[in-house]
Amino acid sequence: QKEVEQNSGPLSVPEGAIASLNCTYSDRVSQSFFWYRQYSGKSPELIMSIYSNGDKEDGRFTAQLNKASQYVSLLIRDSQPSDSATYLCAVNRPGGYNKLIFGAGTRLAVHP
Amino acid sequence: KAGVTQTPRYLIKTRGQQVTLSCSPISGHRSVSWYQQTPGQGLQFLFEYFSETQRNKGNFPGRFSGRQFSNSRSEMNVSTLELGDSALYLCASSLRQNTEAFFGQGTRLTVV
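In every chain, residue numbers begin from 1 and rise along the written sequence. Chains carry letters from A onward and ligands carry numbers from 1 onward, assigned in written order. Local features in this predicted model are restricted to residues of pLDDT 70 or higher, and side-chain atom pairs are both shown and tallied only at a pLDDT of 80 or more, whereas totals for entire chains, interfaces and linings draw on every residue. Only heavy atoms go into the side-chain values, all of them from the structure, while hydrogens and water stay out.

Bringing empty space enclosed by the protein into the picture now. Gaps left between atoms are located by rolling a probe of water-molecule size over the structure's atoms. All names here are of chain A. Grid points spaced at 1 Å over the protein atoms alone were grouped into cavities, where a 1.4 Å probe fits but cannot get out, and pockets, open sets with protein on both sides within 12 Å along at least five of seven lines, with lining residues defined by an atom within 4 Å of a point. Grid points are joined across faces, edges and corners, and a volume is the space filled by probe spheres set on the points. In the structure shown here, the tally under the stated rule is 1 cavity of 30 Å³ or more. Here the largest cavity defines a volume of roughly 40 Å³. Around the largest cavity, the lining residues are Glu-3, Val-4, Tyr-25, Ser-26, Asp-27, Ser-30, Val-91, Arg-93 and Ile-101.

Take the environment of B:Arg63 next. Residue and element names in this part refer to chain B. Segments assigned H or I by DSSP are reported as helices when at least four residues long, segments assigned E as strands when at least two residues long, and all are numbered from the N terminus. Within the secondary structure, Arg-63 sits in the loop between β6 (53–57) and β7 (64–68). Each residue is placed in one exposure class: buried if its accessible area under a 1.4 Å probe, protein chains only, is under 20% of its type's maximum, exposed if it is over 50%, and partly exposed if it falls in between. Taking relative accessible area as the criterion, Arg-63 reaches 16% and is therefore assigned buried. Residues Arg-63 and Ser-79, spaced 16 residues apart in sequence, show a C-alpha to C-alpha distance of 5.1 Å. Here a residue-residue contact requires only that any non-hydrogen atoms of the pair lie within 4.5 Å. Not counting chain neighbours up to four residues away, the residues in contact with Arg-63 comprise Asn-77, Val-78, Ser-79, Thr-80, Leu-81, Glu-82 and Asp-85. A polar side-chain atom of Arg-63 sits 2.8 Å from a polar atom in the side chain of Asp-85. Under the rule applied, a polar contact is a pair of N or O atoms within 3.5 Å (in protein, one hydrogen donor and one hydrogen acceptor; residues adjacent in sequence only if both atoms are side-chain atoms).

Another point: the pattern of salt bridges. Opposite charge on two side chains allows them to pair when their charged atoms are near. The term salt bridge refers to a side-chain nitrogen of Lys or Arg lying within 4 Å of a carboxyl oxygen of Asp or Glu. Per the counting criterion, the structure on display carries 8 salt bridges over all chains. Among the ionic pairs, A:Glu57 bridges to A:Arg77, the shortest N-O distance being 3.5 Å. Of this pair, A:Glu57 sits in strand β6 (residues 54–58) while A:Arg77 sits in the loop between β8 (71–76) and β9 (85–92), and the two are 20 residues apart along the sequence. When its relative accessible area of 60% is taken as the criterion, A:Glu57 is described as exposed. The class of A:Arg77 is partly exposed, set by a relative accessible area of 27%. Salt-bridge contacts for B:Glu48 lead to B:Arg55; the nearest nitrogen and oxygen are separated by 2.7 Å. You can call B:Arg55 partly exposed: its relative accessible area is 22%. Several salt bridges converge on common partners, so that one network encompasses B:Arg63, B:Glu82 and B:Asp85.

Here you go:
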């Protein structure tokens, strides 16, 4: 079992729709959770961080964390073609300093 | 505030050679982590430095090494290059433990 799992996609959504990206992790003591966006040929860009159970909203993005289910998700409202990218879920554990464990990423395609 | 700066952006090396990559973190950030990204393996943690000390190391051979200087700038070195070392090498800086990590633009290494 991989430590961080994501559906590779592609996830295809029409412009203006809500895109829902999911991530599960295996280590129950994981403490910090991050979503990165990566455009083709570019480096990952941090878009959301979440540390406690519940929802965290930032503009069109909402991160949701459920530690009991070991599940973290990212919702993108009013999806735009410019949101088309690979979304990477990353997890950090206590005592892991700043060692991030990444999922393989989900490719999102937003079509006009 | 300047972001994370990696140099060089692109490198072409021959098998057997060695290479040194450089990373300047965000001002005030003392933690620098290095990652390797390949299409097959995704993003994998190499090592992390904090205040000139390596705190964590990923599962890579000893040919991969690094160091951090007193000004928090970091270098990583790969000796005896192999074709499989061709990858995007990413540096990330963080303010402290278990906080957000911000990536540089990366160094694209091609080994021929």
